[in-house]
Amino acid sequence: MSEGVVQRSILVVDDTPANIGFLLETLSQAGYRVRVAPDGESALEQAQYAVPDLVLLDVMMPGIDGFETCRRMRRVPSLEPVPIIFMTALSDAQDKVRAFGAGANDYVTKPFQQEEVLARVRAHLGRRELEGKLAEANRELENRVAARTTELRAALAEVELLKSRLQSENTYLKQEIAEAHPGTIIGSSPALRAALRQVSLVAPTDSTVLIHGETGTGKELIARALHEQGPRRAGPLIKLNCSAISAGLVESELFGHVKGAFTGAAERRIGRFELADGGTLFLDEVSELPLETQAKLLRVLQEREFEPVGSAKTIRVDVRVVAATNRDLAADSRGGRFRSDLYYRLNVFPIELPPLRSRRDDIPVLAEHFMRRMARKLGKPLERIAPETLRLLCAHSWPGNIRDLQNTIERAAVLSPGPALVVDWDLGPAQERNGGLTAPEAREAHGSRHNGTAPAQVADTGPGQSLESIERGHIIGTLRQTRGVIEGPRGAARLLDMKPSTVRFRMKKLGISKVDYLI
Ligand SMILES: Nc1ncnc2c1ncn2[C@@H]1O[C@H](COP(=O)(O)OP(=O)(O)OP(=O)(O)O)[C@@H](O)[C@H]1O
Ligand SMILES: [Mg+2]
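Below is a short write-up of the structure. (Residues numbered from 1 in each chain as written. Chains lettered and ligands numbered in written order. Predicted model: local features only at pLDDT ≥ 70, side-chain atom pairs only at ≥ 80, totals over all residues.)

### Some points on the pairing of strand 1 (residues 9-13)
Moving on, step 1. With four of five residues buried, strand 1 is to be regarded as a mostly interior element.
Moving on, step 2. The sheet contact formed by strand 1 and strand 2 (residues 33-37) spans five bridges and is parallel. Counted as the bridge partner of S9 is R33 from strand 2.
Moving on, step 3. Note on the crossover from strand 1 through helix 1 (residues 17-29) to strand 2: the handedness is right-handed.
Moving on, step 4. Summarising the sheet, strand 1 and strand 3 (residues 54-58) pair through four bridges and their orientation is parallel. (Buried ≥ 20, exposed ≤ 12 C-beta atoms within 10 Å, placed from the backbone. Helix = DSSP H or I, 4+ residues; strand = E, 2+ residues; numbered from the N terminus. Pairing = 2+ DSSP bridges. Right-handed = clockwise from strand over helix to strand, strands pointing away.)

Now the structure itself:
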């Protein structure tokens, strides 16, 4: 005990002068401040007025006895923790039991042994001090926990807020995607039904699927159906259009890169393979992958692992790959333009999507579907397709396939004044084409048709036109050809012989937006 530093006070409650004298002397000499009360009532009064650090209590006193005094002290909150030591006669075992029952902590026997009194007093004051320190430490800990809890609650509330914001953003984006890529696959022609049967057979497996079909035949729609009908539907469906990315960047898009992997790699980037972990990766226009990237892709397909660009760390992924092409990949692999080992890896389960001209039965129902969707979107009361228009639609060869049909219906929906959908412009040759078109051919056909029969936004290039309006018309026409794709080997930038950034700059300058070239 640190006597002298903080002087402890002891209340001696006794009516026997000899005892009082002895205790006063012993305790004062040991450094305690001693106060004396001659009976129980005055002891209670004093103790409440100035709470002592310890009480030495006699049993037999005038007025209330020691037991009652002890009981009453224990009922006063400020005195409840104060150590109370009874002073009893050596022989009186009964008293000791009663003393503990009344709330005492200990006893000393009379006649007093100086050492015993001091030892017990020190022990109880020491315990009290430790209890005090413990309580203090507990309080501090509780305060710290409370402060940290408040901080964590605030952080949690922020996380919850962000989460709910992300959830609503996610819902919104899903709606947007659903609008942009309506999932319903329309049509009941035998050719389409055969393709859909294959989808339902292979969707539940992990097999790599290669979808082949001309441009606009619905390859992406089928890839989406494969993902959504399979066990990975809760995972992500990640898409990479291999033709829309420059050869130098495609590897980092697929596998990611570490910070500083190449000039311009200012931050680490997660590749599509990693993003698709647990889900499906859709490699669109897979024929456009550079040969070096094909080798790396082959390894992922074989071993399910890869290293990001500039990193030595191997990443393992669980990804199902669905690839699509509008080229004859078998011929490309024979001609050395595509690795044949990769071709065989991708072609585990081929799905062939027939061109629209070989499933003409689907044209009326598709046209009707697109018309209703546009009517909803535009808020127009379109009810039917004019008979002459339907005849025209069914006879056309649709080089750009369903997308072509969809675009035509969208334009007609915008332009038709009444409840009947009318196409009153020339759709081009009605005769059936032999064999499929390659994407560039189809786009060419698609684009030139648009150029030839362009609605008001596309300017004529005749005299009297301002240079800006000619430029605007030309850029819109090109964007229609590429269906809005700016970069890549078949992008508008390449066709216009401009840098992609310049194309974007000119588009902004000339006020060209999606509505100008996508309908
Ligand atoms: N059977 C169908 N039912 C309804 N819509 C369809 C159908 N097939 C295709 N579409 C629609 O046609 C458009 C083109 O389809 P998609 O993008 O899947 O074609 P694609 O074969 O991937 O074309 P590309 O090779 O040019 O990328 C999309 O808007 C799609 O929703
Ligand atoms: Mg596609």
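Text resumes after the structure shown.
### Side note on the site of ligand 1
Moving on, step 1. Near ligand 1 lie 18 residues; those nearest to it are I186, T215, G218, K219 and E220.
Moving on, step 2. Of all the elements in the fold, those that place two or more residues in the shell around ligand 1 are helix 7 (219-228) and helix 15 (401-415).
Moving on, step 3. Considering only residue class, the shell around ligand 1 consists of six nonpolar, nine polar and three charged.
Moving on, step 4. Three or more residues apiece are contributed to the shell around ligand 1 by two domains, here domain 2 (190-354) and domain 3 (356-432). (Near = placed C-beta within 6 Å. Nonpolar A, V, L, I, M, F, W, Y, C, P; charged D, E, K, R; others polar. Domains from an automatic or database assignment.)

### What about the packing of helix 13 (residues 362-378) against helix 15?
Moving on, step 1. Direction vectors running N to C along helix 13 and helix 15 enclose 45°, while the axes themselves pass 9 Å from each other. Relative to helix 15, the element helix 13 is oriented oblique. Viewed along their axes, helix 13 and helix 15 form a crossing whose handedness is right-handed. Listed contacts from helix 15 to I363, L366, A367, F370, M371, M374, A375 and L378 of helix 13 are I402, L405, Q406, I409, E410, A413 and V414.
Moving on, step 2. Looking at the contact of helix 13 with helix 15 residue by residue, the class counts come to 13 nonpolar, one polar and one charged. (Axes fitted to C-alpha atoms, helices over the stretch in contact; angles between N-to-C directions. Parallel < 35°, antiparallel > 145°, perpendicular 65-115°, else oblique. Left-handed = near helix turned anticlockwise from the far one by under 90°. Contact = placed C-beta atoms within 7 Å.)

### Description of the environment of R327
Moving on, step 1. As for its position among the elements, R327 is in the loop between strand 11 (320-325) and helix 11 (329-334).
Moving on, step 2. Judged by the 19 C-beta atoms lying within 10 Å of it, R327 is partly exposed.
Moving on, step 3. In this structure, the C-alpha to C-alpha distance between R327 and G213, residues 114 residues apart in sequence, is 7.9 Å.

### Description of the sheet that holds strand 12 (residues 349-353)
By way of backbone hydrogen bonds, the strands of a sheet pair with one another, either parallel or antiparallel.
Moving on, step 1. The sheet built from five strands is open, its strands ordered 7-8-11-6-12 with parallel pairing. Each having just a single partner strand, strand 7 (237-241) and strand 12 make up the two edges of the open sheet. Looking at each pair of strands side by side, their axes are set apart by 20° on average, direction ignored.
Moving on, step 2. Here strand 6 (residues 209-213) runs beside strand 12; their pairing, made up of five bridges, is parallel. Paired with H212 across the strands is E352, a residue of strand 12.
Moving on, step 3. In the packing of helix 7 onto the sheet, contacts are made with strand 6, strand 7, strand 8 (280-284), strand 11 and strand 12, and the angle to strand 6 comes to roughly 155°.

### Remarks on the packing of helix 2 (residues 40-49) against helix 3 (residues 66-75)
Moving on, step 1. Look at helix 2 against helix 3: their axes get within 9 Å of each other, and the N-to-C directions meet at 25°. Regarding the angle of helix 2 to helix 3, the classification is roughly parallel. Considering only the axes of helix 2 and helix 3, their crossing is right-handed. When helix 2 is examined against helix 3, the residues G40, A43, L44 and A47 are found in contact with a partner set consisting of G66, E68, T69, R72 and M73.
Moving on, step 2. The class makeup of the residues in the contact of helix 2 with helix 3 is four nonpolar, three polar and two charged.

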